[in-house]
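# Coordinates in review
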Amino acid sequence: MTVDHGGGTANNTEAELSDSLKTFGAVLKALREEAGLTQEEFAPRVRYSAAYVAKIEQGKRFPPGDLPARAGEVLGPVGAKVLAAAAKSLTRRAGLASWFQQWAGIEEEAISLYAYECRAVPGLLQPEKYARAVFERQLPPHTKEQIDQKVAARLERQTLLTERPNTAFAFIIEQAILERGVGGRTVTRTVIDHLLSVGERTNVEIQIMPLRQEGHCGSDGQLYMAETPEHQWFGYTEGHRSSSLISDPGEVSVLHQRYGKLRSQALDCRATVDVLEQMRGAL
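Read on for an overview of the structure. Per chain, residues are indexed from 1 in the order of the written sequence. Local features are withheld for residues below a pLDDT of 70 in this predicted model, meaning they are given only at 70 or higher, and side-chain atom pairs are given and counted only at 80 or more; totals for whole chains, interfaces and linings count all residues. Values reported for side chains reflect all heavy atoms of the structure, with hydrogen atoms and water molecules removed beforehand.

## Section: helix α10 (residues 185-198)
Secondary structure elements follow DSSP: runs of H or I of four or more residues count as helices, runs of E of two or more count as strands, with numbering from the N terminus. Every helix has an expected span of 1.5 Å times one less than the residues it contains. Over its 14 residues, α10 runs 20 Å from end to end, which matches the ideal 20 Å to within 8%, given 1.5 Å per residue. Burial here depends on accessible area, computed with a 1.4 Å probe over protein chains only, as a share of the maximum for the residue type. Under 20% is buried, over 50% is exposed, and the range in between is partly exposed. Three or more residues of α10 are buried, namely Val187, Thr188, Val191, Ile192, Leu195, Leu196 and Val198. We call two residues in contact when some of their heavy atoms are within 4.5 Å. Its buried side turned inward, α10 meets α6 (128-136), α8 (160-163), β3 (168-174), α9 (175-180), β4 (204-209) and α12 (269-282).

## Here we look at the packing of aromatic side chains
For any two aromatic rings, the description comes down to two numbers: the centre-to-centre distance and the angle of the planes. Pairing of aromatic rings covers Phe, Tyr and Trp, the last through its six-membered ring, and needs centres within 6.5 Å; plane angles under 30 degrees mean stacked, over 60 mean edge-to-face, and all others mean tilted. Counting across every chain of the model gives six aromatic pairs. Between the aromatic rings of Trp103 and Tyr224, the centroid separation amounts to 6.5 Å while the plane-to-plane angle is 70°, which identifies the pairing as edge-to-face. Of this pair, Trp103 sits in helix α5 (residues 101-109) while Tyr224 sits in strand β5 (residues 223-227), and the two are 121 residues apart along the sequence. Each member of the pair, Trp103 as well as Tyr224, is classed as buried. Aromatic pair Trp103 and Tyr236: ring centres 5.0 Å apart, planes at 15°, arrangement stacked. Here Tyr236 lies in strand β6 (residues 233-239) and Trp103 lies in helix α5, a separation of 133 residues in the sequence. By relative accessible area, Trp103 is classed as buried at 2%. Each residue in the set Trp103, Tyr224 and Tyr236 is aromatic and connected to the rest through ring pairs, giving one cluster. Note on geometry: a ring has a charge over it if NZ (lysine) or CZ (arginine) is within 6 Å of the ring centre and within 35 degrees of the ring normal. Arg263 extends its terminal NZ or CZ atom over the ring of Tyr114, reaching a point 4.9 Å from the ring centre.

## Structural notes on the pattern of salt bridges
Salt bridges, as used here, are contacts in which a Lys or Arg side-chain nitrogen is within 4 Å of a carboxyl oxygen on Asp or Glu. For the coordinates displayed, the defined rule picks out 13 salt bridges. With a shortest N-O distance of 3.9 Å, Glu136 and Arg137 are connected by a salt bridge. Relative accessible area serves as the criterion here: at 47%, Glu136 is assigned to the partly exposed category. Its salt-bridge partner being Glu205, residue Arg263 comes within 3.0 Å of it at the nearest N-O pair. Of this pair, Arg263 sits in helix α11 (residues 249-265) while Glu205 sits in strand β4, placing them 58 residues apart in sequence. Judged by relative accessible area, which is 28%, Glu205 ranks as partly exposed.

## Details of the packing of α6 against helix α7 (residues 144-157)
For helices, the fitted axis covers only the stretch in contact; all axes are lines through C-alpha atoms, and the angles between them, taken along N-to-C directions, range from 0 to 180 degrees. Viewed as axis vectors pointing N to C, α6 and α7 meet at an angle of 135°, and their least axial separation amounts to 10 Å. Classified by the angle their axes make, α6 and α7 are oblique. Regarding α6 and α7, the two cross each other, and that crossing is right-handed. The residues of α7 that touch α6, namely those facing Glu128, Ala131, Arg132, Phe135 and Glu136, are Ile147, Asp148, Lys150, Val151, Arg154 and Leu155. Each residue gets one of three labels, nonpolar for Ala, Val, Leu, Ile, Met, Phe, Trp, Tyr, Cys and Pro, charged for Asp, Glu, Lys and Arg, and polar for the others, Gly among them. A per-class count over the contact of α6 with α7 returns five nonpolar, no polar and six charged. Any angle that is under 35 degrees is reported as roughly parallel, and any over 145 degrees as roughly antiparallel; angles of 65 to 115 degrees are reported as roughly perpendicular and all others as oblique. Two helices that cross are described as forming a left-handed crossing if the nearer one is turned anticlockwise from the farther one by less than a right angle, and a right-handed crossing if clockwise.

## A short note on the nonpolar core
General note: in soluble globular proteins, nonpolar side chains tend to be found buried as a group. Side-chain atoms within 4.5 Å are what join buried Ala, Val, Leu, Ile, Met, Phe, Trp, Tyr and Cys residues into a set we call a nonpolar core. Among the nonpolar cores identified, the biggest contains 35 residues, and Trp103, Leu125 and Phe171 are the most heavily contacted of them. When residues of this core are assigned to their parent elements, the largest contribution, six residues, is made by α10. Residue contacts for Leu125: discarding those within four places in its chain leaves Gln158, Leu161, Phe171, Ile173, His194, Leu195, Val198 and Ile206.

## Regarding the pairing of strand β7 (residues 242-246)
Buried residues dominate β7, accounting for four of its five residues. Whether two strands pair depends on DSSP finding at least two bridges between them. By the bridge criterion, five bridges tie β6 to β7 in an arrangement that is antiparallel. Bridge pairing in β7 links Gly239 to Ser242. The turn linking β6 back onto β7 is made up of two residues, and Arg241 within it adopts a positive phi angle of 55°.

## Some remarks on the environment of Leu67
As for its position among the elements, Leu67 is in helix α4 (residues 67-93). For the pair formed by Leu67 and Val46, sequence separation is 21 residues and the distance between their alpha carbons is 7.4 Å. Leaving out residues up to four positions away in the same chain, Leu67 has contacts with Phe24, Leu28, Tyr48, Ile56 and Leu83.

## So, the pairing of β5
Every regular strand shows the same layout, with side chains that alternate between the two sheet faces. Among the five residues that make up β5, five are buried, leaving the element largely enclosed by the rest of the structure. Neither face of β5 is left uncovered, since the one carrying Leu223, Met225 and Glu227 and the one carrying Tyr224 and Ala226 both have all their residues buried. Relative to β5, strand β2 (residues 112-117) runs antiparallel, the two being bridged by five bridges. Note on β5: the bridge partner recorded for Ser112 is Glu227. Looking at chain direction, β5 and β6 are connected through four bridges and run antiparallel.

This is the structure in structure tokens:
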């Protein structure tokens with residue numbers, strides 16, 4: 001079965017995000033009031049301004065990643081745990097398009113995850129500067145707060161690489177993506193350094209598809225595949241503001257064949273490191 005998610009409009013996504021932020025803000029406010037503190041008393045203890053705390057509690061500002069830890073010094077260990085749980089739920093979902101969230105749930109539980117990208121560096125491998133550059137160039141344009149939300153959500157997803165050391169991650173990335181130089185030289189250098197670093201992890205395999213490959217079989221575009229703990233495979237593809245989650249075994253088999261071929265056509269991991277180091281040296 002192929003499930004098309006074409007209803008991921010900006011309004012739907014923003015509504016979901018707004019509700020999530022308001023819920024987090026309400027949790028923070030309840031914990032603060034339970035501790036008997038006003039915003040003016042609480043703010044300096046967590047080293048933020050009262051106005052900033054007020055906006056978070058109102059659901060108008062995305063909470064910083066270190067807020068639960070800072071708040072724990074004031075609210076105690078139980079309050080810190082409650083706030084951390086609320087923050088994790090928020091950052092894992094908020095900022096993710098509604099049509100992406102079903103795949104995100106599968107991705108979080110996967111024991112194997114394969115990706116082929118011909119458009120941009122895979123989200124799980126994007127350093128912050130690159131992710132920000134990507135979101136800054138999207139149309140219609142986003143506000144600074146929206147970009148901050150999306151970047152935070154993307155970086156939070158990347159904890160999967162460290163939280164799931166027994167999950168096998170395999171990425172095939174078109175060399176042309178790096179040659180494009182999104183964000184400029186400094187950003188490209190940061191991306192390459194990040195790929196070299198992440199590629200050293202025992203559960204991560206990164207392969208570059210060279211610029212010239214006459215047998216290239218990826219003309220149908222990017223594809224993702226994930227294996228669940230029950231050993232069921234899903235495929236995932238994206239278009240403009242839409243996506244397809246693929247569960248039919250026959251269709252998933254086709255994606256397996258294509259990914260296997262792409263893997264054989266890309267540079268092996270050692271050759272990939274050599275190419276990345278050469279590209280970095282040329283910047």
